[in-house]
Amino acid sequence: MTIHPLTGALGGRTMPYPRAQWGADEAVTRLFAAHYRPLVRLAALLLHDREAAEEVVQDAYVALHAHWPRLREADRALAYLRVTVVNRSRSALRHRQVVRAHLARTRPEPDAPSAEAGALALLRHDAVLAALRALPTRQREAIVLRYYADLSEAETAEVMGVSRGAVKSHTSRGVAALRQSLGALR
């Protein structure tokens, strides 16, 4: 029997992923090939910026590679990457807020949105993204992790560093706010 190079599957059975005997180079290479795009999409939904999302995810892989010898459970590497991506996205958002606050003090922003922004706001997809962006950070994270990344409540709680009850609360409040926000567009 052969082992599938990306999934670690052996004749229909799933092997622990990644295998503990892999070195940092092998494990990170395989994880990168299998999970880079979904992690970038996750970060992009949190950051609203594809380039920044790619940077965050690349930094997460670099951190995993450096942390690999100290990783107690190699099969938890994907969970480590998810937590790292969410935490680095939070840091990037905080940094962005500081920069915006500084710029607001030094340069006034226009009062009216551009014509392009108004046209794009009419599209349903953009309306959903705008409503998602308007949510508080924890609600947005809970919704993205639960419904976009398709993580369980327990996995979402672990990634966010909160209890399962907090995930339920953030998700419920976020969904209610999205319904209200998107219902006003009809």
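Fair warning: this is a prediction, and the values are worked out from it, not measured in the lab.

Cut-off values and rules
Residues numbered from 1 in each chain as written. Predicted model: local features only at pLDDT ≥ 70, side-chain atom pairs only at ≥ 80, totals over all residues. Heavy atoms only, no water. Helix = DSSP H or I, 4+ residues; strand = E, 2+ residues; numbered from the N terminus. Buried < 20%, exposed > 50% of the residue type's maximum accessible area, 1.4 Å probe, protein only. Contact = heavy atoms within 4.5 Å. Areas by Shrake-Rupley, 256 points an atom, 1.4 Å probe, with all protein chains shown as cover. Salt bridge = Lys/Arg side-chain N within 4 Å of Asp/Glu carboxyl O.

Draft legend 1. Representation of the overall build of the chain within the structure. In terms of helices and strands, the chain carries eight helices and two strands. Each helix (α) and strand (β) of the chain, taken in turn from the N terminus, gives the series β-β-α-α-α-α-α-α-α-α. The buried share among the 186 residues of the chain stands at 36%. Taking the intrachain contacts of the chain between residues at least 6 apart in sequence as the baseline, contacts between residues at least 24 apart amount to 59%. By element, 55% of the accessible surface of the chain is carried by carbon and sulfur atoms, the whole surface being about 11500 Å².

Draft legend 2. How the structure looks around the pattern of salt bridges. If you walk through the whole model with that rule in mind, you get six salt bridges. Taking the shortest distance from any N to any O, the salt bridge between E54 and R50 comes out at 3.5 Å. Residue E54 and its partner R50 are located together in helix 2 (residues 50–67), separated by four residues, close to a single helical turn. Counted as one network, the salt bridges with shared partners bring together E153, R164 and K168.

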